[in-house]
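Now for the letters of each chain:
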Amino acid sequence: QQPVQSPQAVILREGEDAVINCSSSKALYSVHWYRQKHGEAPVFLMILLKGGEQKGHDKISASFNEKKQQSSLYLTASQLSYSGTYFCGTENEDSGYALNFGKGTSLLVTP
Amino acid sequence: DTGVSQNPRHKITKRGQNVTFRCDPISEHNRLYWYRQTLGQGPEFLTYFQNEAQLEKSRLLSDRFSAERPKGSFSTLEIQRTEQGDSAMYLCASSPPRDRTQYFGPGTRLTVL
């Protein structure tokens with residue numbers, strides 16, 4: 001049930017764009033995106049619900065393809081503060097509110 | 001806004017001892033979750049409460065683990081007879097009514113020697 005994230009790691013120069021993907025083998029009700037910096041708690045970025053409702057960050061966007069059970073997180077004009085590990089958490093249609101997290105994508109933005 | 005708080009932030013214990021962690025959710029959040037995270041992995045779901053009712057528990061959760069939320073406010077997670085494999089970051093999250101967003105606390109880092 002654990003979603004698969006890609007890429008595992010990415011290095012960007014400040015101002016460049018990145019896309020992080022998340023895919024599941026099970027039907028999804030929602031996808032949640034978080035960023036975690038070393039030694040800190042995951043910070044909520046975005047939630048995408050089945051049916052198209054979204055809520056999240058004004059500088060980060062995401063898509064949710066319900067049929068393909070996939071989501072992508074788009075980071076545009078990256079800033080140094082974007083560095084960290086990005087996790088997608090998926091809520092299956094039969095999992096209640098429990099989130100299944102991927103292994104994460106490590107993002108490093110350099111000057 | 002006061003976020004989710006967890007205590008203690010760090011706990012070192014010897015194998016075989018019992019430990020208890022506390023989580024205080026954001027005010028008026030009715031759902032509370034416990035997750036465990038090991039190095040290089042995403043959080044792993046343990047259990048969640050809606051108000052004081054424990055509605056779901058991971059099948060991976062050993063019977064040495066127990067959680068309570070007696071008055072629907074704060075929650076405790078107890079691990080009995082700790083093992084070295086229990087060493088991890090224990091994260092708590094909470095959600096407001098009619099919203100599926102989960103807000104995480106800073107975590108309690110457990111080290112079992």
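Heads up: the structure comes first, above all this text.
Computed from a predicted structure; not experimentally measured.

1. Here we look at the sheet that holds strand 7 (residues 65-68) of chain B
Residues and elements named next belong to chain B.
Next up, step 1: Taken in spatial order, the 4 strands of this open sheet run 1-3-8-7, and their pairing is antiparallel. Where the open sheet ends on each side, the last strands, each with one partner, are strand 1 (5-7) and strand 7. Taking the axes of each pair of neighbouring strands and ignoring which way they run, one obtains an average angle of 15° across the sheet.
Next up, step 2: Note that strand 1 and strand 3 (residues 19-24) share 3 bridges and pair antiparallel.

2. Remarks on the pattern of salt bridges
Residues and elements named next belong to chain B.
Next up, step 1: Throughout the structure, instances matching the rule amount to 5 salt bridges over all chains.
Next up, step 2: Between arginine 22 and aspartate 24 there is a salt bridge, with its nearest N and O atoms 2.8 Å apart.
Next up, step 3: Accessibility expressed as a relative area gives 33% for arginine 22, which makes it partly exposed.
Next up, step 4: Accessibility expressed as a relative area gives 23% for aspartate 24, which makes it partly exposed.
Next up, step 5: Connected through shared salt-bridge partners, Arg64, Glu83 and Asp86 make up one network.

3. Thoughts on the packing of aromatic side chains
Given two aromatic rings, their pairing is described by the distance between the two centres and the angle made by the two planes.
Next up, step 1: Within the structure shown, the criterion is met by 14 aromatic pairs over all chains.
Next up, step 2: A ring pair is formed by Tyr34(A) and Phe101(A), whose centres lie 5.8 Å apart and whose planes are at 55°; its orientation type is tilted. Here Tyr34(A), found in strand 4 (residues 28-36), pairs with Phe101(A), found in strand 10 (residues 100-101); they are 67 residues apart in sequence, far enough to count as distant. Residue Tyr34(A) shares its accessibility class with Phe101(A), and that shared class is buried.
Next up, step 3: The interplanar angle of 35° and the centroid separation of 6.4 Å between the aromatic rings of Phe65(B) and Tyr90(B) together place this pair among those described as tilted.

4. What about the interface of chain A and chain B?
Next up, step 1: Listed by partner, the interface residues are 21 residues for chain A and 21 residues for chain B.
Next up, step 2: Between chain A and chain B, the buried area comes to about 1,800 Å², and carbon and sulfur atoms account for 54% of it.
Next up, step 3: Ranking the residues of chain A by area buried against chain B places Pro42(A), Tyr97(A) and Phe101(A) at the top, with a combined share of 32%.
Next up, step 4: Here chain A and chain B share 1 salt bridge between them.
Next up, step 5: Close ionic contact of Arg100(B) with Glu91(A) constitutes a salt bridge, the shortest N to O distance being 2.5 Å.
Next up, step 6: Taken together, chain A and chain B are joined by 5 residue pairs in polar contact (both at pLDDT 80 or more).
Next up, step 7: Breaking the side of chain A that touches chain B down by element, the ones donating at least two residues are strand 4, strand 5 (43-49) and strand 9 (84-92) of chain A.

5. Details of the side chain of Thr13(B)
Next up, step 1: Checked against the element boundaries, Thr13(B) lands in strand 2 (residues 10-13).
Next up, step 2: Apart from residues no more than four positions distant in its own chain, Thr13(B) is found in contact with Val19(B), Thr82(B), Leu110(B), Thr111(B), Val112(B) and Leu113(B).

6. What about the nonpolar core?
Side chains of nonpolar character tend, in soluble globular proteins, to be buried together.
Next up, step 1: Grouped together as the largest cluster of nonpolar side chains are 20 residues, with contacts concentrated most on Trp33(A), Leu73(A), Leu75(A), Tyr86(A) and Leu107(A).
Next up, step 2: At the level of secondary structure, the elements contributing two or more residues to this core comprise strand 3 (18-23), strand 4, strand 5, strand 7 (60-65), strand 8 (70-75), strand 9 and strand 11 (105-110) of chain A.
Next up, step 3: Once residues within four sequence positions are removed from consideration, Leu75(A) is found in contact with Glu16(A), Asp17(A), Ala18(A), Ile20(A), Ile60(A), Tyr82(A), Tyr86(A) and Leu107(A).
Next up, step 4: With 19 residues, the next largest nonpolar core counts Val19(B), Phe21(B), Ile26(B) and Tyr90(B) among its residues.

7. Comments concerning the state of the cysteines
Residues and elements named next belong to chain A.
Next up, step 1: Applying the stated criterion across every chain yields a total of 2 disulfides over all chains.
Next up, step 2: Each sulfur of the disulfide joining cysteine 22 and cysteine 88 lies 2.0 Å from the other. Because the torsion about its S-S bond is 75°, the bridge between cysteine 22 and cysteine 88 counts as right-handed. Taken as a pair, cysteine 22 in strand 3 and cysteine 88 in strand 9 lie far apart in primary sequence, 66 residues in all.

Calculation rules
- Residues numbered from 1 in each chain as written.
- Chains lettered and ligands numbered in written order.
- Predicted model: local features only at pLDDT ≥ 70, side-chain atom pairs only at ≥ 80, totals over all residues.
- Heavy atoms only, no water.
- Pairing = 2+ DSSP bridges.
- Helix = DSSP H or I, 4+ residues; strand = E, 2+ residues; numbered from the N terminus.
- Axes fitted to C-alpha atoms, helices over the stretch in contact; angles between N-to-C directions.
- Salt bridge = Lys/Arg side-chain N within 4 Å of Asp/Glu carboxyl O.
- Buried < 20%, exposed > 50% of the residue type's maximum accessible area, 1.4 Å probe, protein only.
- Phe/Tyr/Trp six-rings, centres within 6.5 Å; stacked < 30°, edge-to-face > 60°.
- Contact = heavy atoms within 4.5 Å.
- Buried area = accessible area lost by both parts, 1.4 Å probe.
- Polar contact = N/O pair within 3.5 Å; in protein donor to acceptor, adjacent residues only side chain to side chain.
- Core = buried A, V, L, I, M, F, W, Y, C linked by side-chain atoms within 4.5 Å.
- Disulfide = S-S within 2.5 Å.

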